Amino acid sequence: MRRDARRTVVLFLLPAGALYAVLFLYPVASSLALSLYDWDGFTQKRTFVGLGNFARLLGDDPMFWTALKHNLFFLSVPTVVTLTAALFFAAVLTSRIRGARFFRITYFFPNVISMVAITLLWFFIYNPNFGLLNAVLRPFLPGKEPIVWLDPNHIMGSLVAPIVWCSLGFYLVLFLAGMDNIPQTYYDAAKVDGANPWQQFRSITVPLLWDVITMAVVFLIIGGLRIFDLIYVMALGYPTEHSQVIATYLYEQAFSNAHMGYGIAIAVVLFALVFAATAVAMRLMRRERLEY
Amino acid sequence: MAAEPPAASLAGGAPPAGGAPPAHKTVARPFPIIAAALLLAVVGGCARKERVERKAGREIEVSAFLGGYGLDFFQEVARSYERTHPGVKVNLWGDPRNIEKLRPRFLGGDPPDAFWAFLPIWRLADGGALHALNADLDTPAYGQDISWRDSFLPGPLATTVVEGKTYFVPTDMSVFVMWYSVGMFKQHGWRPPATWDEFFTLCESIKQAGIAPIAFQGRYPDYALPILLNLFQRKAGARPLFALINLEPGAWTHPDLVGSARTLREMMVKGYFQPGCMGMTHTEAQMEFVNARTAMVPCGTWLKAEMANTTPKGFEMSCFAFPAVPGGKGDPSVAEISLGYWCVPERGANIEGGVDFLKWLTSQDNANKFAREKDTLFAVKGADRYVAKELAPAVQIIRRAKYTWAPMMSNWYPELSKRIADGLASLMTGNITPEEFCRRVEDTAARIRRDPRTPKYRIEPPPEAAR
């Protein structure tokens, strides 16, 4: 590249680079620095503690591990349910059933509603006294006490349904787009060879959709680790140890307990976890790319 | 592709005529920048002017939490202050999330001159962000021949001391009690119980009448803490109670606390709490009570004010103190209180004004007015004469109390408070045993004890406790 051309490139990249540095790199570097301090977030009084916040978090904080366990639950159970359901419905909708377009829109509909609104909707569905779910179940539970869906015994299971409900449509549309790109001739050839629908799905759809599935898994893993709004709103801003996740624990430590430095250390660990989990998932799901 | 809007429309001017190049485009672009700069200059100038006024003592900025008490009372106090202090303007503002607005103000070194907010004020005091009021409390109170310090009830004021310094003044005050439906009790011939045995007998009678005895705010399980700790105080006395407030080693595994936790769990097992209560918010549970679907509800004396808009006409409520334990070491007259606190920031522009406003706010007249208008007790002597009749039993509880205490560990150590709430939810739903509950809280207390980041606090039992 000619020298003056390189200069032009640098000149054009400079504004974007400056914005990136100011809006992303500087806050990240500041966060990393602040995670090494004991700081209440209100006053100028900061005490350098080195890696003390991280040592405490990983060595002497049982709530962090409880929260991580819950994140692993949200990373795995809703991921499996959502992927299975989305693949199933995508396969059904591509088989040219009547009203497929209607179902596509219907399934995607929760994606246009904000997560807070969805959470409030489910909050009312789960209400033990006037909630829709108990009203439906009441004939089957005569004389029994109402099921308290959001009590410590049920809350984790109860949170899976809204997650699946609101994310299903997105992955359904993703898979449908992927499936639409698979040439029909492959299925025709498989039919000629006597393959049944399940064999066609397993041997044609899944391998040719693998990149899309990998992307979906990565999205769901990131979502499972970063989950906050659903838990926070469903718990009325007060998640107990029965539904605490890392992001809500971060908020609790930084803002409720005035341990801002410690909260930032949790954020750094969460970032590392998301990064590591994404890398592991992509490594495990890496396959030779199929050209078609 | 959508066409780019003409620059003039962005700047608010007329679009260029025909297809001519927008000649004024180059002059239109800087306009928003200039406008923004002017706006910032004006805002900045106003802020600077306000700070100058505050520094000169001509203005006092006050921030109030906008909650159940509203802002009207505080606004009226501000106006009356201005009337009696000509030349001084009180800029009082309220917000349900004033904590979010105050955080950057504290960080920027420009906090208001007085505030009431759900900030971690003990951490602020420890960080040197609050003004110590010791000297101010020795000055005369407004309208009385006593010091400002002596105008407060001693129990509430004792909760404000951090290492010999007072950083807050207590204002609204609540007593934790058991509320009951007067009509329901009259109809069935039930009477407020004097002992825990009588209380259990009462709960059985209510159950037999087909009514759920107690509504419970299960989504906020710390509403069970007053039941647990008052029972513990009645059983064990003052020393063990203050030991657990002060996080003394082993205090949370005291056998009487384990026994009290067992009683709480038994109340759940026996069906004394309303079915489904663990899924109810405080307002849902309290609605069950005021709509006569339960006979009682444990709550602070703020209940009447909190439910004022939703209480059906004709519903009458009253309250009784947590019952005595026959043979227990604790004085059954002792009452648990909770308080609201106002503070003066150390870096406020008008500290003197902030202190004086708080003195005015807590004057006898304003305390009486608050008690009368807001149906709430106030931490100033004599204000209890003005509360509603429903609160008369609560006033008697306070007057007869040998001493009052507040669960200060919840204020001092939010982490402990949260783990107690978690544990109470697990205990009441049978996920952990009473022994496990106490051990888990003790473990958290031990972690806080050895945590160098967390300042440690103490409150001694009042002298009355020893007599």
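Fair warning: this is a prediction, and the values are worked out from it, not measured in the lab.

A.B. asks: How would you explain the overall build of chain A if you had to name every residue and give the values?
C.D. replies: A count of helices and strands for chain A gives 13 helices and two strands. For a compact globule of 292 residues, the expected C-alpha radius of gyration is about 19 Å, and chain A comes in at 24 Å, more than 25% above that figure. Its C-alpha atoms give chain A principal-axis dimensions of roughly 80 × 75 × 30 Å. Here chain A holds 292 residues, and the buried ones make up 33% of them. In chain A, 70% of the contacts between residues at least 6 apart in sequence involve partners at least 24 apart.

A.B. asks: Run through the overall build of chain B, naming residues and quoting values.
C.D. replies: When its secondary structure is counted, chain B shows 22 helices and twelve strands. For chain B, the proportion of its 467 residues judged to be buried stands at 47%. Look at the contacts in chain B between residues 6 or more apart in sequence, and 72% of them connect residues 24 or more apart.

A.B. asks: I'd like a description of unusual backbone geometry, backed by residues and values.
C.D. replies: Of note in this structure, L236(A) is not a glycine but carries a positive phi near 55°. Among the secondary structure elements, L236(A) is positioned in the loop between helix 11 (229-234) and helix 12 (246-256). A positive phi angle is found at A292(B), which is not glycine, with a value near 60°. Of note, A292(B) is situated in the loop between helix 14 (282-290) and strand 8 (294-300).

A.B. asks: Tell me what's going on with the environment of N196(A), and back it up with residues and numbers.
C.D. replies: Tracing the backbone shows N196(A) in the loop between helix 8 (184-192) and helix 9 (197-208). For the pair N196(A) and L150(A), spaced 46 residues apart in sequence, the C-alpha to C-alpha distance is 43 Å.

A.B. asks: I'd love a proper account of the nonpolar core, names of residues and values included.
C.D. replies: By size, the foremost hydrophobic cluster in this structure holds 186 residues, and its most contacted members are W179(B) and W342(B). The biggest single contributor to this core is helix 7 (residues 155-180) of chain A, with ten residues. Those residues in contact with W179(B) that lie beyond four places of it in its chain are F289(B), M296(B), V297(B), C299(B), L303(B), M317(B) and C319(B).

A.B. asks: How would you explain helix 11 (residues 225-236) of chain B if you had to name every residue and give the values?
C.D. replies: One turn of an α-helix holds 3.6 residues; hence residues three or four places apart share an orientation. Residues and elements named next belong to chain B. Taking 1.5 Å of rise per residue, the twelve residues of helix 11 would be expected to cover 16 Å, and the 16 Å separating its terminal C-alpha atoms lies within 8% of that figure. Within helix 11, twelve of the twelve residues are buried, which leaves it mostly tucked inside the rest of the structure. Turning to helix 11, its buried residues number three or more, namely L225, P226, I227, L228, L229, N230, L231, F232, Q233, R234, K235 and A236. Directly after helix 11, the chain includes G237, whose backbone phi takes a positive value near 95°.

A.B. asks: Before we move on, could you go through the pairing of strand 10 (residues 335-343) of chain B and cite the residues and values that matter?
C.D. replies: All names here are of chain B. Judged by how many residues are buried, strand 10 sits mostly within the fold: nine of nine residues are covered. Residues of strand 10 alternate between two faces, with A335, I337, L339, Y341 and C343 on one and E336, S338, G340 and W342 on the opposite face, all of them buried. Both strand 6 (residues 168-181) and strand 10 contribute to a ladder of six bridges, which runs antiparallel. Bridged to P170 within strand 10 is Y341. Sheet topology note: the strand 10/strand 12 (residues 404-405) ladder contains two bridges and is parallel. The residue bridging A335 from the neighbouring strand is T404, located in strand 12.

A.B. asks: Please provide a residue-by-residue account of the interface of chain B and chain A, values included.
C.D. replies: Contact with chain B, which involves 27 residues of that partner, is made by 28 residues of chain A. Elements that contribute at least two residues to the side of chain B that touches chain A include exactly helix 5 (98-107), helix 6 (121-126) and helix 20 (414-428) of chain B. It is helix 20 of chain B that provides the largest number of residues to the side of chain B that touches chain A, a total of seven residues.

A.B. asks: Give a description of the environment of G94(B) that names residues and reports values.
C.D. replies: Residue and element names in this part refer to chain B. Following the sequence through the fold, G94 ends up in strand 2 (residues 89-95). Accessibility expressed as a C-beta count within 10 Å gives 18 for G94, which makes it partly exposed. Note: C-alpha distance between G94 and L66 (28 residues apart in sequence) is 5.1 Å. For G94, the residues in contact, after removing those within four places along its chain, are A64, F65, L66, L71 and F74.

A.B. asks: Please set out the domain arrangement of chain B residue by residue, giving values where relevant.
C.D. replies: Residues and elements named next belong to chain B. Its domain assignment divides chain B into domain 1 (53-173 + 339-395) and domain 2 (175-337 + 407-462). Using C-alpha coordinates to define each centre, domain 1 is positioned 29 Å away from domain 2. In this complex, domain 1 contributes 20 residues to the contact, which on the side of domain 2 involves 20 residues. Secondary-structure elements contributing two or more residues to the side of domain 1 that touches domain 2 are helix 6, helix 8 (154-158) and helix 18 (392-400). Residue composition of the side of domain 1 that touches domain 2, by class: twelve nonpolar, four polar and four charged.

A.B. asks: Which residues make up the pairing of strand 6 of chain B, and what values do they have?
C.D. replies: All names here are of chain B. Counting buried positions along strand 6 gives 14 out of 14 residues, so the element sits mostly inside the fold. The sheet contact formed by strand 6 and strand 11 (residues 377-378) spans two bridges and is antiparallel. Considered in strand 11, the bridge of D172 is made with F378. Here strand 6 runs beside strand 8; their pairing, made up of five bridges, is antiparallel. The partner of V177 across the bridge, within strand 8, is C299. Bridge analysis of strand 6 against strand 9 (residues 317-320) gives four bridges, and the strand direction is antiparallel. Considered in strand 9, the bridge of Y180 is made with S318.

A.B. asks: Could you give an account of the confidence of the model for chain B, with specific residues and numbers?
C.D. replies: All names here are of chain B. Overall, the prediction assigns chain B a mean pLDDT of 88, with 89% of residues at 70 or greater. Segment residues 1-33: pLDDT under 50, and 22 contacts once partners within four positions in sequence are set aside and those in other chains are kept. Two numbers describe this predicted complex: its pTM, 0.83, and its ipTM, 0.81.

A.B. asks: Can you lay out the domain arrangement of chain A for me, pointing to particular residues and giving the numbers?
C.D. replies: Here chain A is partitioned into domain 1 (1-26) and domain 2 (62-284). Computed over C-alpha atoms, the centres of domain 1 of chain A and domain 2 of chain A are 39 Å apart.

A.B. asks: Break down the environment of D331(B) for me, with residues and values.
C.D. replies: Residue and element names in this part refer to chain B. Following the sequence through the fold, D331 ends up in the loop between strand 9 and strand 10. Look at D331 and you get partly exposed, because 17 C-beta atoms sit within 10 Å. A sequence separation of 138 residues divides D331 from P193, and the C-alpha atoms of the two residues are 16 Å apart.

Calculation rules
- Residues numbered from 1 in each chain as written.
- Chains lettered and ligands numbered in written order.
- Predicted model: local features only at pLDDT ≥ 70, side-chain atom pairs only at ≥ 80, totals over all residues.
- Helix = DSSP H or I, 4+ residues; strand = E, 2+ residues; numbered from the N terminus.
- Rg over C-alpha atoms; globule rule 2.2 N^0.38 Å.
- Buried ≥ 20, exposed ≤ 12 C-beta atoms within 10 Å, placed from the backbone.
- Contact = placed C-beta atoms within 7 Å.
- Core = buried A, V, L, I, M, F, W, Y, C linked by C-beta atoms within 7 Å.
- Expected span 1.5 Å × (residues − 1).
- Pairing = 2+ DSSP bridges.
- Domains from an automatic or database assignment.
- Nonpolar A, V, L, I, M, F, W, Y, C, P; charged D, E, K, R; others polar.
- pLDDT = per-residue confidence, 0-100.

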